[in-house]
Amino acid sequence: MLKGKKILLGITGGIAAYKSAILCRLLVKEGASVRVIMTPAATKFIAPLTLATLSKHPVWIEAIDDEQWNNHVELGAWADLILIAPLTANTLAKLANGLADNLLTLTYYSTRCPIMVAPAMDLDMYAHQTVKTNLEKLQSHKNIIIPAEKGELASGLIGMGRMAEPETILNHVVTFFNRTHTPDLDGMHVLITAGPTYEDIDPVRFIGNRSSGKMGIAIADECQKRGADVVLILGPSQMDVSTKPYKVIPVTNAQSMYEAVEAYFMEDLILSYFLLQ
């Protein structure tokens, strides 16, 4: 799916850096050519040798290495996409406020290709207003933000701040490259309903149907690829939608589906599929 795509993977100094090795392998497995830049702090969490082995290329860390200048301009010009995962609060602040004190930030400011970032930090940091402001700045500069997820954090707290799983990030990358080819739905809003509905008879029995939701999910995937902002309202399907890069609203019965449709309906809606049969 990513054959021939050139991806520059930036890794910053957070505990989620261990996931970057899995992400690197997934990108290479999908056919991408991957180069890796690590901040000096990132090397404290994962060895550069690991990333060099997985990417099959040397890892860049310092702008000047053994009296040799690593050309950040060439690195930025080479890539079709810069993907920074994890993005720590420290590097986020640098990118949002014009600081360039290492090879990764120098490359960020030198590139003309799209940039995608996956924030990762602890609960209170991710919720801090400064972090929110900096993320808004990055987004206003046309960077693509892959939202952090909820889960157990390194501190032991449970909440928002976990870096998105490597499979989820891969899905975002694949979707991005697909969208660049057919963005004919860019800026449009698509609301799709799919899957079965279950109507309770009593606490044990219900009346339902055999809809899998597969067709509606496929339509949602295609609309997302073509640039639409997608909301999928899905009945109790057995299909795995946990890594989909669009909003999925789970519902159970016809009434809850109706209420979800009514809640997410917008005046500029262009398309709605009802796939209940």
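Every value quoted in this text rests on a predicted model; they were computed, and no experiment measured them.

Q: Even after reading the chapter, I still don't get the sheet that holds strand β8 (residues 144–145), so can you show me in this structure?
A: Where strands meet in a sheet, backbone hydrogen bonds hold them as pairs that are either parallel or antiparallel. Read from one edge to the other, the open sheet built from six strands follows the order β3-β2-β1-β6-β7-β8, with strand pairing classed as parallel. Strand pairing shows two members of the sheet lacking a second neighbour, β3 (59–60) and β8, which therefore form its edges. In this sheet, strand β6 (residues 81–87) lies alongside strand β1 (residues 6–11) in parallel orientation, the contact comprising four bridges. What sits directly across from Gly10, in β6, is Ile84.

Q: Quick question: what am I supposed to make of the nonpolar core here?
A: Among soluble globular proteins, nonpolar side chains are generally buried collectively. Core analysis: the largest hydrophobic core is formed by 34 residues, its most contacted members being Leu2, Leu27, Val36, Leu83, Ile169 and Val173. The set of elements that each furnish at least two residues to this core consists of β1, α1 (17–29), β2 (33–38), β6, β7 (115–119) and α8 (166–179). When sequence neighbours within four positions are dropped, the list of residues in contact with Val36 reads Leu9, Ile11, Cys24, Leu51, Ser55, Pro58, Val59 and Trp60. Membership of the second largest hydrophobic core comes to 25 residues, among which are Ala89, Ala96, Leu103 and Ile115.

Q: How should I be thinking about the side chain of Lys94 in this particular structure?
A: Position of Lys94 relative to the elements: it lies in helix α4 (residues 89–97). Apart from residues lying up to four places away in sequence, Lys94 is in contact with Leu99, Asp101, Asn102, Thr105 and Tyr109.

Q: So what exactly am I meant to see when it comes to the pairing of β1 here?
A: Regular strands place their side chains on alternate faces of the sheet. Burial analysis of β1 places five of its six residues in the buried class, the great majority of the element. One ladder, built from six bridges, connects β1 with β2; its direction is parallel. Note that in β2 the partner of Ile11 across the bridge is Met38.

Q: What am I meant to see in the pattern of salt bridges here?
A: Charged atoms that come close allow side chains of opposite charge to pair. One pass over the structure, following the stated rule, counts five salt bridges. Note that Glu165 is salt-bridged to Lys19, the shortest N-O span being 2.9 Å. One end of the pair, Glu165, is in the loop between β10 (158–162) and α8; the other, Lys19, is in helix α1, and 146 residues separate them in sequence. In this structure, Glu165 engages Arg162 in a salt bridge whose closest nitrogen and oxygen atoms are separated by 3.0 Å. Among the residues examined, Glu165 registers a relative accessible area of 26% and is labelled partly exposed. Judged by its relative accessible area of 24%, Arg162 is partly exposed.

Q: Which parts of the structure should I look at to understand the pairing of β7?
A: Of all five residues in β7, five are buried; the element is thus mostly enclosed. Covered by surrounding structure in β7 are Ile115, Val117 and Pro119 together with Met116 and Ala118, the residues of both alternating faces. Where β6 and β7 come together, four bridges link them in parallel fashion. Note on β7: the bridge partner recorded for Ile84 is Val117. The sheet contact formed by β7 and β8 spans two bridges and is parallel. Bridged to Val117 within β8 is Ile145.

Q: Sorry if this is basic, but what is going on with the packing of α4 against helix α5 (residues 103–110) here?
A: A pair of packed helices is captured by two measures, namely the crossing angle of their axes and the spacing between those axes. Two numbers describe how α4 lies on α5: the axes approach to 10 Å, and their chain directions differ by 35 degrees. In this structure, the crossing between α4 and α5 has a hand that is right-handed. For the pair formed by α4 and α5, the contact residues are Thr91, Lys94, Leu95, Ala96 and Asn97 on the first element and Thr105, Tyr108 and Tyr109 on the second. When its residues are assigned to classes, the contact of α4 with α5 shows four nonpolar, three polar and one charged.

Rules behind the numbers
- Note that residues are indexed from 1 along each chain, following the sequence as it is written.
- Under the rules for a predicted model, residues below a pLDDT of 70 receive no local features and side-chain atom pairs below 80 are neither given nor counted, while totals for whole chains, interfaces and linings still include all residues.
- Where side-chain values are given, they derive from all heavy atoms of the structure, hydrogens and water being excluded.
- Whether two strands pair comes down to DSSP finding at least two bridges between them.
- The helix count covers DSSP runs of H or I at least four residues long, the strand count covers runs of E at least two residues long, and both are numbered beginning at the N terminus.
- For the purposes of this section, nonpolar cores are sets of buried Ala, Val, Leu, Ile, Met, Phe, Trp, Tyr and Cys residues that join through side-chain atoms within 4.5 Å.
- The classification of residues rests on relative accessible area computed with a 1.4 Å probe and restricted to protein chains. Under 20% of the type maximum is buried, over 50% is exposed, and intermediate values are partly exposed.
- The criterion used for residue contact is that any of the two residues' heavy atoms lie within 4.5 Å.
- Salt bridges are defined as contacts in which a side-chain nitrogen from Lys or Arg sits within 4 Å of a carboxyl oxygen from Asp or Glu.
- In this description, a line fitted to the C-alpha atoms serves as the axis of each element, helices being fitted only across the stretch in contact, and the angle between N-to-C directions of two axes falls anywhere from 0 to 180 degrees.
- Definitions for this section: a left-handed crossing has its near helix turned counterclockwise from the far helix by less than a right angle. A right-handed crossing has that turn clockwise.
- Note that Gly is not counted as nonpolar here; it falls among the polar residues with everything else outside the nonpolar set of Ala, Val, Leu, Ile, Met, Phe, Trp, Tyr, Cys and Pro and the charged set of Asp, Glu, Lys and Arg.

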